[in-house]
Amino acid sequence: MSHAWLSDTHAPLAREAALGLKAMGWTLDGGTDADVRVEFLDADTLPSANFQAGDRESSVVLVAPATTRLYLSELSLKVQGLAIAQAPARRINAIVVEAAQADRLAFTINWLAGAQMVTGQIILLSDKPAPTLL
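These numbers were taken from a predicted model, which means no experiment stands behind them. (Residues numbered from 1 in each chain as written. Predicted model: local features only at pLDDT ≥ 70, side-chain atom pairs only at ≥ 80, totals over all residues. Heavy atoms only, no water.)

**Focus on the sheet that holds strand E3 (residues 59–65)**
No. 1: One open sheet holds the five strands; their spatial order is E1-E2-E3-E4-E5, and the pairing between them is parallel. Strand pairing shows two members of the sheet lacking a second neighbour, strand E1 (4–6) and strand E5 (122–125), which therefore form its edges. Averaged over neighbouring strand pairs, the angle between their axes works out to 20° when direction is ignored.
No. 2: In the sheet, E1 pairs with strand E2 (residues 36–40) via three bridges, with the strands oriented parallel. Within E2, the position partnered with Trp5 by the bridge is Arg37.
No. 3: With respect to the sheet, helix H1 (residues 12–23) is in contact with E1, E2, E3 and strand E4 (91–97), its orientation differing from that of E1 by roughly 165°. (Pairing = 2+ DSSP bridges. Helix = DSSP H or I, 4+ residues; strand = E, 2+ residues; numbered from the N terminus. Axes fitted to C-alpha atoms, helices over the stretch in contact; angles between N-to-C directions. Contact = heavy atoms within 4.5 Å.)

**Some details on the nonpolar core**
No. 1: In this structure, Phe40, Val63, Ile95, Val97, Leu105 and Ile109 are the most contacted members of the largest nonpolar core, which totals 24 residues.
No. 2: Residue assignment for this core shows that the elements contributing at least two residues are E1, H1, E2, E3, E4 and helix H3 (105–114).
No. 3: By size, the runner-up hydrophobic cluster in this structure holds 14 residues, among which are Leu41, Ala64, Val79 and Ala83. (Core = buried A, V, L, I, M, F, W, Y, C linked by side-chain atoms within 4.5 Å. Buried < 20%, exposed > 50% of the residue type's maximum accessible area, 1.4 Å probe, protein only.)

**Some words on H1**
No. 1: Relative to the 16 Å expected for twelve residues at 1.5 Å per residue, H1 spans 17 Å between its end C-alpha atoms, a close match to the ideal helical length.
No. 2: Of all the residues in H1, the buried ones are Leu13, Ala14, Ala17, Ala18, Gly20 and Leu21.
No. 3: Against the buried residues of H1 lie E1, E2, E3, E4 and H3. (Expected span 1.5 Å × (residues − 1).)

**What to know about the environment of Leu112**
No. 1: Tracing the chain through its elements places Leu112 in helix H3.
No. 2: Judged by relative accessible area, which is 0%, Leu112 ranks as buried.

**Focus on the pattern of salt bridges**
When charged atoms on two side chains of opposite charge get close, those side chains can pair.
No. 1: For the structure shown, the criterion picks out one salt bridge.
No. 2: For Arg37, the salt bridge is made with Glu39, and the minimal N-O distance between the two is 2.3 Å. This pair shows no difference in class: Arg37 is buried, exactly as Glu39 is. (Salt bridge = Lys/Arg side-chain N within 4 Å of Asp/Glu carboxyl O.)

**Digging into the pairing of E3**
No. 1: Extensive coverage of E3 is indicated by the burial of six of its seven residues.
No. 2: The pairing of E2 with E3 spans four bridges and is parallel. Bridge pairing in E3 links Arg37 to Val60.
No. 3: As paired elements, E3 and E4 share seven bridges and run parallel to each other.

**Remarks on unusual backbone geometry**
As a rule of thumb, non-glycine residues mostly have phi less than zero, and peptide bonds are mostly trans rather than cis.
No. 1: Between Ala87 and the following residue, Pro88, the backbone shows a cis peptide bond with an omega angle of 0°.
No. 2: Turning to its location among the elements, Pro88 is positioned in the loop between helix H2 (69–86) and E4.

**Comments concerning the packing of H1 against H3**
For any two helices packed against each other, one specifies the crossing angle of their axes together with the interaxial distance.
No. 1: Axis separation between H1 and H3 bottoms out at 8 Å; the angle between their running directions is 65°. As far as their axial angle goes, H3 and H1 are roughly perpendicular. In this structure, the crossing between H1 and H3 has a hand that is right-handed. Between H1 and H3, the residues in contact are Leu13, Ala17, Gly20 and Leu21 and Leu105, Ala106 and Ile109, respectively.
No. 2: Classifying every residue of the contact of H1 with H3 gives six nonpolar, one polar and no charged. (Parallel < 35°, antiparallel > 145°, perpendicular 65-115°, else oblique. Left-handed = near helix turned anticlockwise from the far one by under 90°. Nonpolar A, V, L, I, M, F, W, Y, C, P; charged D, E, K, R; others polar.)

The structure is reproduced here in structure tokens:
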């Protein structure tokens, strides 16, 4: 059984993720033994420069609501920098979610948790074509 730690259980995206992960057999009381740490960011918020992914988690997924393309670009650059700084001990990725796609969030977290060679990536869950990030 896989264990996940969620930074927030009250936000709408966090509730959606928790329901989906539980339905797939994840337990959410992972604590320090978590297989994945899921950090929920507020709209237009970036992780701090000194963001640390914890002591034992090998996979961290940052989750944020979709806002502007500028925010998406800023978050992408931030995630890449954090992934480089904390590799190979941890993998850090992000998911940006439009409200209509929240039901796909748990599946995406599950995929990223198992994607051992993926780090520094950002996934946009949206009905619209993805913007080009240069």
